[in-house]
Amino acid sequence: MTLIMIMLAVIGGATLSMQAAINGQLGSKVGVFRSAFLTFSTGALITGLLIFYFEPPQAVTLLDVPKWQLLGAMCGVPYIVIMVLAVQRIGTAVATVAVIFGQLLMSMLIDNFGWLGNETIHFSASRIAAVICLAIALYFIHSSNKTSA
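A few points on the structure. Note that this is a predicted model, so its numbers are computed, not measured.

## Regarding the pattern of salt bridges
Proximity of charged atoms lets side chains of opposite charge pair with each other.
So, step 1. Counted under the stated rule, the structure contains 1 salt bridge.
So, step 2. Taking the shortest distance from any N to any O, the salt bridge between Arg127 and Asp111 comes out at 3.2 Å. You can see Arg127 sitting in helix H5 (residues 125-148) and its partner Asp111 sitting in helix H4 (residues 92-113), a full 16 residues away along the chain.

What follows is the structure, given as structure tokens:
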């Protein structure tokens, strides 16, 4: 089951890269915020249909959860807007690796300190090495853009 979840996460990451590339192109033609609006309005429509047809009833509603948990819904907005801007200027690969680097850093902090109600998973040598490797990858991918331009 873990392998399936990892593969699904990889597929999710691949679709985010495709979305970034497409939205970067769209944003350069119609504007950053219109592109972001299209992403969120289409996503809301599709998600609404999925909820209507497939979501089983829940014991708790959105009105019953701690209000801070609703803030997660706003985290997607900066991501989409930033990616639409960044892809146009630094390319899909650099923007995507930079996002993954930010995700990795923040997720390790969340894990290490148990923030936001998550289980504590402390820093380890292999986790620190992974961050360093990704930073090196970001450097090389970015520097290869400069030499080929």
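## Describing the packing of helix H1 (residues 2-30) against helix H2 (residues 32-54)
So, step 1. Packing of H1 against H2 leaves a shortest axis separation of 7 Å and a crossing angle of 135°. The pairing of H1 with H2 is recorded here as oblique in orientation. Note on packing geometry: the crossing formed by H1 with H2 is right-handed. Of H2, the residues touching H1 (which contributes Gln19, Asn23, Leu26, Gly27 and Val30) are Val32, Arg34, Ser35, Leu38 and Thr39.
So, step 2. Residue classes in the contact of H1 with H2 are distributed as 4 nonpolar, 5 polar and 1 charged.

## What to know about H1
So, step 1. End to end, H1 covers 41 Å across 29 residues, agreeing with the expected 42 Å (1.5 Å per residue, within 8%).
So, step 2. Looking at H1, one finds that the buried residues are Ala20, Asn23, Gly24 and Gly27.
So, step 3. The secondary structure elements touched by the buried residues of H1 are H2 and helix H3 (76-90).
So, step 4. A positive backbone phi angle near 110° is found at Gly31, which sits one or two residues after H1.

How each quantity is defined
Residues numbered from 1 in each chain as written. Predicted model: local features only at pLDDT ≥ 70, side-chain atom pairs only at ≥ 80, totals over all residues. Heavy atoms only, no water. Salt bridge = Lys/Arg side-chain N within 4 Å of Asp/Glu carboxyl O. Helix = DSSP H or I, 4+ residues; strand = E, 2+ residues; numbered from the N terminus. Axes fitted to C-alpha atoms, helices over the stretch in contact; angles between N-to-C directions. Parallel < 35°, antiparallel > 145°, perpendicular 65-115°, else oblique. Left-handed = near helix turned anticlockwise from the far one by under 90°. Contact = heavy atoms within 4.5 Å. Nonpolar A, V, L, I, M, F, W, Y, C, P; charged D, E, K, R; others polar. Expected span 1.5 Å × (residues − 1). Buried < 20%, exposed > 50% of the residue type's maximum accessible area, 1.4 Å probe, protein only.

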